[in-house]
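Listed below, chain by chain, are the residues.
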Amino acid sequence: MTSGMNEGGIEQKMRAMIAGQLEVEPALVTREVSLFTEFKTDSLDILDLVMGVQREFGVKVREEDLETLRTLGDFVNYITANLAAWK
């Protein structure tokens, strides 16, 4: 679990996770680009990313929140908000 990480660090780590999972260049993964539209992401890719979020950040993603995670920015905001909730 990553503790004491700021939003920039979370973004950098998530960008690398997304790029690795989807086999794309990290520079293509911006905060706004839709993972589903731009990279043809499917639900299994998102589940793998969610498991990575749990492993790397110790943040459990609730099933009802899965549909809100569509961009790098969505992941960063979700992790940041939920890390703050655990403090």
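For every chain, the first residue of its written sequence is number 1, and the numbers climb from 1 along that sequence. Totals for whole chains, interfaces and linings use all residues, but because this is a predicted model, local features are given only for residues with pLDDT of at least 70 and pairs of side-chain atoms are given and counted only at 80 or more. Side-chain metrics rest on all non-hydrogen atoms present in the structure, leaving aside hydrogens and water.

### With respect to the packing of helix α1 (residues 7-22) against helix α3 (residues 43-57)
At step 1: Between α1 and α3, whose axes approach to 10 Å, the crossing angle comes to 145°. When you trace α1 past α3, the crossing you get is right-handed. Along the contact surface, α1 presents I10, K13, M14, M17, I18, Q21 and L22, while α3 presents D45, D48, L49, G52, V53, E56 and F57.
At step 2: Residue composition of the contact of α1 with α3, grouped by class: 8 nonpolar, 2 polar and 4 charged. Lines fitted to C-alpha atoms define the axes, with helix axes restricted to the stretch in contact, and inter-axis angles between N-to-C directions lie between 0 and 180 degrees. Segments assigned H or I by DSSP are reported as helices when at least four residues long, segments assigned E as strands when at least two residues long, and all are numbered from the N terminus. By the definition used in this description, the sense in which the near helix is turned from the far one sets the handedness, with an anticlockwise turn below a right angle giving left-handed and a clockwise turn giving right-handed. In this analysis, two residues are considered to be in contact whenever any of their non-hydrogen atoms come within 4.5 Å of each other. Any residue that is not Ala, Val, Leu, Ile, Met, Phe, Trp, Tyr, Cys, Pro, Asp, Glu, Lys or Arg is counted as polar, Gly included; the first ten are nonpolar and the last four charged.

### A few points about the confidence of the model for the protein chain
At step 1: Summary of the metric used: pLDDT quantifies the predictor's per-residue confidence within the range 0 to 100. Mean pLDDT over the protein chain stands at 91; residues scoring 70 or higher make up 92%.
At step 2: Least confident of the elements in the protein chain is helix α4 (residues 72-86), whose mean pLDDT is 90; most confident is α1, at 96.

### A closer look at α1
At step 1: Between the first and last residue of a helix there are one fewer steps than residues, each counted as 1.5 Å, and that sum is the expected span. The first and last C-alpha atoms of α1 sit 22 Å apart over 16 residues, in line with the 22 Å expected at 1.5 Å per residue.
At step 2: Buried within α1 are the following residues: G9, I10, E11, M14, M17, I18, A19 and L22.
At step 3: As used in this structure description, the phrase polar contact means that two N or O atoms lie within 3.5 Å; if the pair is within protein, one of them must be able to donate a hydrogen and the other to accept it, and residues adjacent in sequence are counted only when both atoms belong to side chains. Where α1 starts, the residue carrying a side-chain oxygen 3.1 Å from the main-chain nitrogen of G8 turns out to be N6.
At step 4: Positioned one or two residues after α1, E23 has a phi angle of 55°, which is positive. The cut-offs for exposure are 20% and 50% of the maximum accessible area for each residue type, with area from a 1.4 Å probe on protein chains only; residues under the lower value are buried, those over the upper are exposed, and the others partly exposed.

### Regarding the pattern of salt bridges
At step 1: Salt bridge, as applied in this entry: a Lys or Arg side-chain nitrogen positioned within 4 Å of an Asp or Glu carboxyl oxygen. Applying the stated criterion across every chain yields a total of 6 salt bridges.
At step 2: E11 is paired through a salt bridge with R15; the nearest N and O atoms lie 2.9 Å apart. Of the two residues, E11 and R15 both sit in helix α1, 4 residues apart, roughly one turn of that helix.
At step 3: By relative accessible area, which is 16% here, E11 ends up buried.
At step 4: In this structure, D65 and R62 form a salt bridge, with 2.8 Å as the shortest nitrogen-oxygen distance.
At step 5: Through salt bridges that share partners, E7, E11, R15 and R31 make up one connected network.

### Quick notes on the side chain of D45
At step 1: Checked against the element boundaries, D45 lands in helix α3.
At step 2: Buried within the structure, D45 lacks any salt-bridge partner; R70 is the closest side chain of opposite charge, at an N-O distance of 11 Å.
At step 3: Excluding its chain neighbours within four sequence positions, the residues that come into contact with D45 are Q21 and L22. Under this rule, positive means Lys or Arg and negative means Asp or Glu; His and the chain ends count for nothing.

### Quick look at unusual backbone geometry
At step 1: Unlike most non-glycine residues, E23 shows phi in positive territory, near 55°.
At step 2: You can see E23 is positioned in the loop between α1 and α2 (35-39).

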